[in-house]
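The primary structure of each chain is shown beneath.
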Amino acid sequence: KKFEMSTRPLSIYEVLRAQAQTLIENDQTPLLCLHLEPQSGKIHLIGDSESTRKLINSNVLIKLKELLKNTFEEKKYLLLDDKTPENPSHVLNRKSRLSKGKDFPGSGRSFETIPGEILRSIFKHLNCKDLRNVLLVSRHWKSVADEPALWTDFELPGKCREEINFVKFFQGSLSLKLQKLSLADCCFQLNSQHFKLLLNLQLSSLKIGHVDLSNVSAEMFAKVVNNCKECNIEGNDDMDDKLRIMFEQMETETKLKSLTLYWSEFADLDLNFINSSTLRNALSKLESLWLGSVRLGAGFNQSCVVKMKSLYLWECDPFSDMDMLDAVLDNLTSLKFYGTYLDATQVRHLVNAFDQSCRLKIKLLDLSGIDLRKVPAKLLARVLVKIENVILLFTEIEVTQLEEIFHAILDEDTTVIRFLDLDGI
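A short tour of the structure in this document, coming up. Because the structure is a prediction, the values reported are computed rather than measured.

## Quick look at the pairing of strand S5 (residues 205-209)
Here comes step 1: Burial runs high along S5: four of the five residues are buried.
Here comes step 2: As defined by bridge partners, strand S4 (residues 180-182) adjoins S5 across three bridges and the pair is classed as parallel. Each bridged residue has a counterpart across the sheet, and for Leu-181 the counterpart in S5 is Leu-206.
Here comes step 3: A crossover connection joins S5 to the parallel strand S6 (residues 230-234) through helix H9 (residues 218-225); in handedness this β-α-β unit is right-handed.

See the structure below:
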């Protein structure tokens, strides 16, 4: 067979199409333009599929047509070629690098035409490594894969435990997708410059533990902590100044909603070194507070917990005033006392407060290690069966109390309990 090549010179429109195709397919450049063909008076629409789709779905084409008719000398010969993407004779479809120009079989449609909602449903099943590859496919895919909800499991790569990789990672744009960060077990000593790299992040969770922070200034430490929503600090003996500045900044401006302070059982943290007013104002902004081996101090009172939904006290000093819990029981969804000493009067006060509450929202109650033997069996049973999840690990409790609890559970009309942990009894 013989193939004859046309010697007809390309029109301006054909040249523009070829140039546009290079920009769209090779350089991934968004493009949208109108070309007026003088001979026919026809307007050709040239653009990538996403931009063209948005234009056609709007009323802009109608306005453009009227505008051009009013400015063109021979108005009666002016035609607007506003064909839809389903008939793409004058519309260029932008091909993604992943599809290598292939369309859906038999559909005449490019992978670029997949709606964002469908891509989002697919991308949520990918791990973070695959999501990084998706970012390189095309602008359309990148716009969907960039959504923070898809990156909730993205963590600091293991190689970044070394300083050179740590700095390099946080100087790159990929670090901005980091939502959970653990600074535990770094193989180098952190300093203020390292912490400064973290200020551009939108962290939902930060864990600081088992690292030497002696070269990190108290001011920089406080800024980073107060710039995240949730912070877990496993401390040591040389943290007083950093915590004081942290609470002072937290009193005026913070993003923190959840704070965990966990100290070694051999070195309790005493919060009495912090101004009582500062401590109250700072803690009053939290929705969740977890304290481990912490001495609460005089500043911890009712005003600290008015907004809290979760309160966890692990081997902490007892409250100076149990009345402070009365005002918050209707708001709490989780309350844990693990190894925190409460005497018989305090325990009885707590159980009575639960019994008298009319708007109880609590879903989890942990009384592990608490001596419940002085609480009347019927009162204890009546309270516990009103809570979905109850944990009584190594709790001191009488057989008659357990029997009453089991009888109350059998009454399906009054019980809501779904989980009861009695391990160690």
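## Some remarks on unusual backbone geometry
Here comes step 1: We note that Ser-293 has phi near 55 degrees; this positive angle belongs to a residue other than glycine.
Here comes step 2: Among the structural elements, Ser-293 can be located in the loop between strand S9 (288-292) and strand S10 (294-295).
Here comes step 3: Looking at Ser-293, the relative accessible area reads 1%, which means it is buried.
Here comes step 4: Of note, the phi angle at Phe-394 is positive, near 55 degrees, even though the residue is not glycine.
Here comes step 5: Here Phe-394 shows up in the loop between strand S14 (389-391) and helix H14 (399-410).
Here comes step 6: The exposure class assigned to Phe-394 is exposed, which follows from its relative accessible area of 51%.

## Some points on the side chain of Ser-284
Here comes step 1: Here Ser-284 shows up in the loop between helix H11 (276-283) and S9.
Here comes step 2: Those residues in contact with Ser-284, other than ones at most four positions away along the chain, are Ser-303, Cys-304 and Lys-307.

## Focus: helix H10 (residues 240-252)
Here comes step 1: For H10, which comprises 13 residues, the first-to-last C-alpha distance of 19 Å matches the rise-based estimate of 18 Å (1.5 Å per residue) to within 8%.
Here comes step 2: Buried residues of H10: Lys-242, Leu-243, Ile-245, Met-246, Phe-247 and Met-250, and no others.
Here comes step 3: Looking at the packing, one finds that the buried side of H10 touches H9, S6, strand S7 (258-262), strand S8 (269-270) and H11.

## As for the packing of aromatic side chains
Here comes step 1: Here the structure, examined in full by the defined rule, presents ten aromatic pairs.
Here comes step 2: On the numbers, 5.4 Å between centres and 70 degrees between planes, the contact of Trp-151 with Phe-154 is edge-to-face.
Here comes step 3: Looking at Trp-151, the relative accessible area reads 0%, which means it is buried.
Here comes step 4: Note that Lys-336 overlies the ring of Tyr-312, its terminal NZ or CZ placed 5.1 Å from the centroid.

## A closer look at the sheet that holds strand S11 (residues 310-314)
Here comes step 1: Sheet architecture is open: ten strands sit in the order S4-S5-S6-S7-S9-S11-S12-S13-S14-S15, paired in parallel fashion. The open sheet terminates on both sides in strands that have one partner only, identified here as S4 and strand S15 (419-421). Strand-to-strand twist of the sheet, defined as the mean angle between neighbouring strand axes without regard to direction, takes the value 5 degrees.

## Thoughts on the packing of H9 against H10
Here comes step 1: Running from N to C, H9 and H10 point in directions that differ by 50 degrees, and their axes come no closer than 8 Å. For the element pair H9 / H10, the angle class is oblique. Regarding H9 and H10, the two cross each other, and that crossing is right-handed. Of H10, the residues touching H9 (which contributes Ala-218, Glu-219, Phe-221, Ala-222, Lys-223 and Val-225) are Asp-241, Lys-242, Ile-245, Met-246 and Gln-249.
Here comes step 2: Residue composition of the contact of H9 with H10, grouped by class: six nonpolar, one polar and four charged.

## Points about empty space enclosed by the protein
Here comes step 1: Applying the stated criterion to the full structure yields one cavity of 30 Å³ or more.
Here comes step 2: Computed from the structure, the largest cavity encloses a volume of approximately 30 Å³.
Here comes step 3: Considering the residues around the largest cavity, the lining is formed by Phe-247, Leu-259, Leu-261, Leu-271, Leu-283, Leu-289, Leu-291 and Phe-300.
Here comes step 4: Every element with two or more residues in the lining of the largest cavity is listed here: S7 and S9.
Here comes step 5: The class makeup of the residues in the lining of the largest cavity is eight nonpolar, no polar and no charged.

## Points about a positive patch on the surface
Here comes step 1: Together, Lys-129, Arg-132, Lys-159 and Lys-168 line one region of the surface with positive charge.
Here comes step 2: With respect to the helices and strands, the residue Lys-129 is situated in helix H5 (residues 128-134).

## Remarks on the pattern of salt bridges
Here comes step 1: Scanning the entire structure with this criterion turns up eleven salt bridges.
Here comes step 2: The salt bridge involving Lys-177 is made with Asp-146; its shortest N-O contact spans 2.4 Å. In this pair, Lys-177 sits in the loop between helix H7 (163-171) and S4 while Asp-146 sits in the loop between helix H6 (139-145) and H7, placing the two residues 31 residues apart along the sequence.
Here comes step 3: With its nearest N and O atoms 3.2 Å apart, the salt bridge here joins Glu-248 to Arg-244. Of this pair, Glu-248 and Arg-244 both sit in helix H10, four residues apart, which is roughly one turn of that helix.
Here comes step 4: Residue Glu-248 is classed as partly exposed on the basis of its relative accessible area, which comes to 34%.

The rules behind the values
- Residues numbered from 1 in each chain as written.
- Predicted model: local features only at pLDDT ≥ 70, side-chain atom pairs only at ≥ 80, totals over all residues.
- Heavy atoms only, no water.
- Buried < 20%, exposed > 50% of the residue type's maximum accessible area, 1.4 Å probe, protein only.
- Helix = DSSP H or I, 4+ residues; strand = E, 2+ residues; numbered from the N terminus.
- Pairing = 2+ DSSP bridges.
- Right-handed = clockwise from strand over helix to strand, strands pointing away.
- Contact = heavy atoms within 4.5 Å.
- Expected span 1.5 Å × (residues − 1).
- Phe/Tyr/Trp six-rings, centres within 6.5 Å; stacked < 30°, edge-to-face > 60°.
- Lys NZ or Arg CZ within 6 Å of the ring centre and 35° of its normal.
- Axes fitted to C-alpha atoms, helices over the stretch in contact; angles between N-to-C directions.
- Parallel < 35°, antiparallel > 145°, perpendicular 65-115°, else oblique.
- Left-handed = near helix turned anticlockwise from the far one by under 90°.
- Nonpolar A, V, L, I, M, F, W, Y, C, P; charged D, E, K, R; others polar.
- 1 Å grid on protein atoms, 1.4 Å probe; cavity = no way out; pocket = protein on both sides within 12 Å on 5 of 7 lines; lining within 4 Å.
- Points joined across faces, edges and corners; volume = space filled by probe spheres on them.
- Patch = residues over 30% accessible without salt bridge, like charges linked within 9 Å, V, L, I, M, F, W, Y side chains within 5 Å.
- Areas by Shrake-Rupley, 256 points an atom, 1.4 Å probe, with all protein chains shown as cover.
- Salt bridge = Lys/Arg side-chain N within 4 Å of Asp/Glu carboxyl O.
- Lys, Arg positive; Asp, Glu negative; His and termini not counted.
- Charge placed at Lys NZ, Arg CZ, Asp CG, Glu CD.

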